[in-house]
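Structural overview for review
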Amino acid sequence: MNIILHYLLPFLVAIVLLVLVHELGHFLVARWCGVKVLRFSIGFGKPFWTTRRGEDQTEWALAPIPLGGYVKMLDEREGEVAPEELHRAFNRQPVGKRILIVAAGPLINFLFAVVLFWGMFVHGVYEPPATLAAPAEGSAAAIAGVKEGEHVQKIDGIAVESWSDLRWRFLSHAIDADQVTLEVRTPEDEILERHIETQTARATGWQGDPMQSLGLMLQLPKIRPIVGAVLPKSAAEEGGLRIGDEILAIEGVKIDSWETLARTVGHSPGVPLLFDVQRDSATLAIRVTPQVENHEGVEIGRIGVEVLNKRPRIAYGPVDAARRALLETWELSALSLKMLGKMVIGEVSTKNLSGPITIANYAGKSAQMGWEPYLRLLALISVSLGIFNLLPIPILDGGLLLYYFAEIIKRGPISKRGEEIGQQIGMAFLLTLMIFVFYNDINRFFFD
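Described in the following lines is the structure provided in the data block. This is a predicted model, so every value here is computed, not measured. (Residues numbered from 1 in each chain as written. Predicted model: local features only at pLDDT ≥ 70, side-chain atom pairs only at ≥ 80, totals over all residues. Heavy atoms only, no water.)

**Looking at the side chain of His 26**
Condition: For helices the rule is a DSSP run of H or I covering at least 4 residues; for strands it is a run of E covering at least 2, with both sets numbered from the N terminus onward. For the purposes of these results, a polar contact is taken to be a pair of N or O atoms within 3.5 Å, where, inside protein, one atom must be able to donate a hydrogen and its partner to accept one; residues adjacent in sequence count only when each atom of the pair is a side-chain atom.
With respect to the secondary-structure elements, His 26 resides in helix α1 (residues 2–32). At 3.2 Å, the side chain of His 26 and the side chain of His 22 are in polar contact.

Here's what the structure looks like:
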């Protein structure tokens with residue numbers, strides 16, 4: 001039941017919502033262009049629920065395989081069309097209208113990501129400053145001379161505003177360069193340059209977290225280890241921790257911050273720990289056994305508590321939020337395309353490709369972390385879905401667009417035989433890709 005609630009449900013909500021958004025793009029533009037829609041389906045396979053709505057009695061359906069959907073339009077190539085409705089058939093539309101209808105699905109995925117980012121920026125987001133923690137010994141950052149507390153101001157001459165800004169800009173620059181230059185302000189208020197060599201991440205095909213592998217990690221502000229919430233049926237509740245408790249020590253070792261608490265618990269899955277707790281004016285000894293969770297093949301401990309003093313959030317006005325949302329979506333799209341291109345030529349490992357199992361894992365974990373990480377994941381998947389559907393592969397939207405642009409150039413439609421061959425190639429590609437990403441998922445969770 002926990003797997004269903006924590007992983008399967010957030011995954012299904014994400015996939016169904018994003019498929020719905022994508023297919024609504026096709027549906028709305030088709031209706032606007034005067035094309036009759038016969039069926040709107042979320043999922044593939046035999047529908048388990050259907051209803052008819054609207055003047056055209058469009059069939060709305062839910063099917064059992066939720067990894068996609070489709071909008072079926074009136075089309076002479078798929079069945080007989082009454083003479084009085086020929087003008088509403090998709091295949092009878094000018095090529096410009098067909099391009100609009102097909103492109104609407106991927107484009108609305110990008111728009112949906114913009115809307116999600118805009119909502120988060122208006123509500124307020126936590127944006128930690130781009131301040132670096134002490135790098136691991138021997139890492140590229142340590143070799144470059146990076147010290148704890150240095151604040152990154154620029155990357156290759158471009159200003160950096162926050163940690164998330166640093167991540168995107170660093171990855172975008174590093175994927176094309178053997179060295180990235182950081183301009184940092186030291187705790188002593190000196191301005192220095194740190195030249196980070198990227199060969200370590202490049203050698204592994206940019207797997208995992210490239211910044212961490214290079215020694216670039218966020219310096220988290222120290223937050224007092226005071227319990228702000230205790231999750232029901234958690235190890236903390238079973239052990240007797242309460243809201244307002246301050247954790248002083250674990251197994252006699254002083255706990256000076258929430259980060260230290262999380263690290264200590266995370267390294268002790270299934271191990272009974274003795275907590276020294278300050279409650280009101282009394283000091284108590286409470287034994288808590290962290291629950292065991294699997295994180296990408298590694299067991300970690302969780303006790304089910306949340307921090308009391310939440311990190312400060314920054315809210316933006318509607319116009320500034322829109323600008324930031326557009327920029328975030330653009331940079332995310334550009335980086336995704338760049339990574340995809342590097343993957344094709346072998347400079348980025350294909351192990352970075354993820355399938356439904358990995359997405360379900362991320363969806364579950366982000367949902368447990370809160371609405372903001374979950375919405376960020378939705379925006380990321382929405383952009384990825386838009387990019388994937390625009391790839392020039394037959395049976396995908398991008399493949400259809402390729403046909404239509406070819407039709408414009410040659411001033412006539414692609415032959416029926418050409419379309420059939422294209423569909424066969426497209427189906428073979430998708431089947432191969434599906435097998436490959438499932439293989440990656442299984443390796444990631446059971447063998448890495």
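**Overview of helix α12 (residues 397–410)**
Applicable threshold: For a helix, the expected span equals 1.5 Å multiplied by the number of residues minus one. Relative accessibility under 20% of the residue-type maximum defines a buried residue, over 50% an exposed one, and the middle range a partly exposed one, all with a 1.4 Å probe and only protein chains included.
For α12, with 14 residues, the first-to-last C-alpha span of 20 Å sits near the 20 Å given by 1.5 Å per residue. Buried within α12 we find Asp 397, Gly 398, Gly 399, Leu 401, Tyr 403, Tyr 404 and Glu 407.

**Here's the deal with the pattern of salt bridges**
This is how the line gets drawn: The term salt bridge refers to a pairing of a side-chain nitrogen on Lys or Arg with a carboxyl oxygen on Asp or Glu at a separation within 4 Å.
Per the stated rule, a full pass over the model turns up 20 salt bridges. A salt bridge links Glu 407 to Arg 98; the nearest nitrogen and oxygen atoms lie 2.9 Å apart. Remark: Arg 98 occurs in helix α2 (residues 95–123) and Glu 407 occurs in helix α12; sequence separation between them is 309 residues. Judged by its relative accessible area of 15%, Glu 407 falls in the buried class. For Arg 98, a relative accessible area of 9% gives the class buried. Put simply, Glu 161, Asp 320, Arg 323 and Arg 324 are held in one network by salt bridges that share partners.

**Regarding unusual backbone geometry**
Unusually for a residue other than glycine, Lys 233 sits at a positive phi of about 60 degrees. Examined against the element boundaries, Lys 233 turns out to sit in the loop between β9 (227–230) and α7 (235–239). Lys 233 gets classed as exposed once you look at its relative accessible area, which sits at 72%. Although it is not a glycine, Arg 411 adopts a positive phi angle of roughly 60 degrees. When you line up the elements, Arg 411 lands in the loop between α12 and α13 (416–446).

**Thoughts on the sheet that holds strand β8 (residues 191–197)**
Operational definition: Whether two strands pair depends on DSSP finding at least two bridges between them. Here, two residues are considered to be in contact whenever any of their heavy atoms come within 4.5 Å of each other. Only C-alpha atoms enter the line fits that serve as axes; for helices the fit covers just the stretch in contact. Angles between N-to-C directions range over 0 to 180 degrees.
Strand order in the open sheet formed by four strands is β6-β5-β7-β8, and the pairing between neighbours is antiparallel. Taken across any chain shown, the strands that pair with only one partner, and hence form the sheet edges, are β6 (158–159) and β8. Where helix α4 (residues 163–174) meets the sheet, its contacts fall on β5 (151–155), β6, β7 (179–185) and β8, and the angle it forms with β5 comes to roughly 45 degrees.

**Quick look at the packing of aromatic side chains**
We count it as follows: Stacked, edge-to-face and tilted are the three classes for Phe, Tyr and Trp ring pairs, Trp counted by its six-membered ring, which pair at centre distances within 6.5 Å; planes under 30 degrees apart are stacked, over 60 edge-to-face, the rest tilted. Over a ring means this: the NZ of a Lys or the CZ of an Arg is within 6 Å of the ring centre and within 35 degrees of the ring normal.
Taken as a whole and judged by the stated rule, the model has six aromatic pairs. Arranged with centres 5.7 Å apart and planes meeting at 85 degrees, the rings of Phe 27 and Phe 40 form a pair that is edge-to-face. Placement of Phe 27 in helix α1 and of Phe 40 in strand β1 (residues 37–44) is noted, with a sequence separation of 13 residues between them. Residues Phe 27 and Phe 40 agree in their burial class; the two are buried. Taken together, the ring pairs connect Phe 27, Phe 40 and Trp 60 into an aromatic cluster. In this arrangement the basic side chain of Arg 98 is found over the ring face of Tyr 404, its NZ or CZ atom lying 5.1 Å from the centre.

**Considerations on the sheet that holds strand β10 (residues 246–250)**
Within the open sheet, the four strands sit side by side as β11-β10-β12-β13. Their pairing is antiparallel. Either end of the sheet is taken by a strand with one partner, and the two such strands are β11 (253–254) and β13 (282–288). Strand direction decides the pairing type here: strand β12 (residues 273–279) and β13, joined by seven bridges, are antiparallel. Within β13, the residue paired with Leu 274 across the bridge is Arg 287. The strands touched by helix α8 (residues 258–266) are β10, β11 and β12; relative to β10, the strand with the most contacts, the crossing angle is about 50 degrees.

**What about α8?**
Every buried residue of α8 is accounted for by Trp 258, Thr 260, Leu 261, Val 265 and Gly 266. Looking at the buried positions of α8, the neighbouring elements they touch are β9, β10, β11, β12, β15 (298–302) and β16 (305–307).

**A look at the packing of α4 against helix α9 (residues 318–344)**
To keep it simple, the criterion reads: Relative orientations are named as follows: roughly parallel for angles under 35 degrees, roughly antiparallel for angles over 145 degrees, roughly perpendicular for angles from 65 to 115 degrees, and oblique for any other angle. Handedness of a helix crossing follows the sense of rotation of the near helix relative to the far helix, less than a right angle counterclockwise being left-handed and clockwise being right-handed. As a working rule, the residues Ala, Val, Leu, Ile, Met, Phe, Trp, Tyr, Cys and Pro are called nonpolar, Asp, Glu, Lys and Arg charged, and the rest polar, with Gly in that last group.
At their nearest, the axes of α4 and α9 sit 10 Å apart, and the two run at 30 degrees to each other. The orientation of α4 with respect to α9, classified from their angle, is roughly parallel. Between α4 and α9 lies a crossing of left-handed hand. The segment α4 lies against α9, with Trp 168, Arg 169, Leu 171 and Ser 172 engaging Glu 328, Glu 331, Leu 332, Leu 335 and Lys 338. Considered class by class, the residues forming the contact of α4 with α9 number four nonpolar, one polar and four charged.

**Observations concerning the pairing of strand β3 (residues 58–62)**
Direction of pairing for β1 relative to β3: parallel, over a ladder of four bridges. Bridge pairing links Ile 42 to Leu 62 in β3. Bridge count between strand β2 (residues 49–53) and β3: five bridges; the pairing is antiparallel. What sits directly across from Arg 52, in β3, is Glu 59. Connecting the antiparallel pair β2 and β3 is a turn made up of four residues, with Gly 54 showing a positive phi of about 90 degrees.

So, to be careful, I would describe these as geometric facts and stop short of saying anything about function.
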